[in-house]
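One letter stands for each residue in the lines below.
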Amino acid sequence: MNTPGPADQGLRLIPFRGLRYVPERVGSLAAVTSPPYDVVVRPDGLHHLESADPYNIVRLILPQADTAAARNEQAAETLNRWLDEGILAPEPEPALYVYEQRDGEILQRGIVGALALSAPADGIVLPHEDVMAHVVEDRADLMRTTAAHLEPLLLTYRSEGHPTGATAVIERTIHRPPLLATTTEDGYSHRLWAVTDPADRSEIETDLARHQALIADGHHRWATYLRLQQEHTVPGPWDFGLVLLVDTARYPLRVRAIHRLLHRLPVADALAALDGAFRIRDVEGPLPVALDALAEAAAEGNAFLLAGDGRFHLVDRPDKALLARTVPADRPPAWRALDATVLHATLLDHVWQIPDTPEHIAYIHDTEAAVDQAERHNATAVLMHPVREEVVRDLARQGVTMPRKSTSFGPKPASGLVLRSLTLD
């Protein structure tokens, strides 16, 4: 994507004074990091991270208290205490940051900075998923109370693939000693460099100004940025949001599915309601084998894998008349054919009649965790097949948003490597 749209410029990325953990004050940098807040599987993953280190970032991004207000106040107090105690410290000068993640054959590099906010209509930063109002409210309360951006969004853009501009700066910078290097328990190695040279920063900013970006991960946080910007009418730090920008022409991302956990629907009831509306077949496990069967069926049309009763049930070949009655007809054919569209419009809204609220549905990135929780709680895990990246981009260019939590791009930036205080900018 390199057409900025109707606005006067494309992406505008500026340096900021990052907050980083002081290595000597924590057990290890790996022990204080966390996946993004919405990837942490609760309560198990939350408890694991809290026990990893008393200063784990999860205490800021997912504070625990009896009320929402108390949670946010606790996060703000914790952040201020860590700053006072020297657990976290600000950089001496503003910087952009080169960030690298590596795991075997997977290599991702990008630029972390403060990105000028823009509305979707400007055609500069394109969302591809809808958001949930209560999640935006929750993140807004936390950002407002802490006056900080605690974890970067993941945005992608596409260059012509040549080692120029931002890419050239990245590939020069990685030959210098990094500010930090650590390997997290998921096997990913992480390295971070500060870019403070004015010529390097100018080269990055000039290059990015020619591009538009797709939100790969962080739709709710981007919506939160825009909401808080509207609350601050005086130009200032709230006009920018913390992001990681990755050029997928150089460093392609993986696209994974986000699965649904239906808390109050046992598998037997889910299958009974589908009888006659979809083809239902039991498939062999273990889980990787069942997912292969899902992938094969998804190549032919809409398909889902249901789990939670110790078995795997492949649900595919929906009744065409049912789809015609339940899927909105005022969207492009590619949107109407999405598995997430059929899941929400046909299965959740019509067949199962389940409201899309946290009491009824959880969104889980990890496939094994979704199955495990379904089996432990007599619930139904609906396992999804990932959407192709080109479908996501094409719909975003048309201004069409997908059902929320339709995709999971990765690898996602680790939370806790660099934070942005809105009182320092």
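Residues numbered from 1 in each chain as written. Predicted model: local features only at pLDDT ≥ 70, side-chain atom pairs only at ≥ 80, totals over all residues. Heavy atoms only, no water.

Colleague: Would you mind going over helix H6 (residues 165-173) with me for this structure?
Modeller: Note: α-helices contain 3.6 residues per turn, so residues at a spacing of three or four share the same orientation. Burial of H6 is extensive: seven of the nine residues sit out of reach of the surface. Among the residues of H6, those classed as buried are Gly 165, Ala 166, Thr 167, Ala 168, Val 169, Ile 170 and Thr 173. Residues of H6 that are buried make contact with strand E4 (96-103), strand E5 (106-116), strand E8 (153-157), strand E10 (189-195), helix H7 (198-208) and strand E12 (240-247). (Buried < 20%, exposed > 50% of the residue type's maximum accessible area, 1.4 Å probe, protein only. Helix = DSSP H or I, 4+ residues; strand = E, 2+ residues; numbered from the N terminus. Contact = heavy atoms within 4.5 Å.)

Colleague: Before we go on, may I ask you to explain the layout of surface pockets in this structure?
Modeller: It is a probe the size of a water molecule, rolled over the atoms, that shows where empty space is left. Quantified by volume, the largest pocket comes out at close to 1,300 Å³. At the level of secondary structure, the elements contributing two or more residues to the lining of the largest pocket comprise helix H1 (29-32), helix H2 (44-52), E4, strand E13 (254-256), helix H10 (287-298), helix H14 (367-376) and strand E20 (408-410). In terms of residue class, the lining of the largest pocket is made up of 22 nonpolar, 14 polar and eight charged. Of the voids in this model, the second largest pocket is the one considered here, and its volume is about 860 Å³. Around the second largest pocket, the lining is made up of 31 residues, and of these Tyr 37, Arg 42, Leu 62, His 134 and Pro 358 lie nearest the centre. At the level of elements, helix H4 (68-85), helix H5 (133-146) and strand E18 (361-364) are the ones that each hand at least two residues to the lining of the second largest pocket. (1 Å grid on protein atoms, 1.4 Å probe; cavity = no way out; pocket = protein on both sides within 12 Å on 5 of 7 lines; lining within 4 Å. Points joined across faces, edges and corners; volume = space filled by probe spheres on them. Nonpolar A, V, L, I, M, F, W, Y, C, P; charged D, E, K, R; others polar.)

Colleague: I'm lost on the pattern of salt bridges in this one. Help?
Modeller: If you walk through the whole model with that rule in mind, you get 22 salt bridges. The residue Glu 91 makes a salt bridge to Arg 20 at a minimum N-O spacing of 2.7 Å. With a gap of 71 residues between them, Glu 91 in the loop between strand E3 (88-90) and E4 and Arg 20 in strand E2 (residues 18-21) connect regions that are remote in the sequence. Side by side, Glu 91 and Arg 20 carry an identical accessibility label, which is buried. We note a salt bridge from Arg 311 to Asp 309, for which the minimum N-O separation is 3.7 Å. Note on Asp 309: relative accessible area 35%, which makes it partly exposed. Salt bridges sharing common partners tie together Asp 44, Asp 372 and Arg 376. (Salt bridge = Lys/Arg side-chain N within 4 Å of Asp/Glu carboxyl O.)

Purely geometric numbers; function is a separate question.
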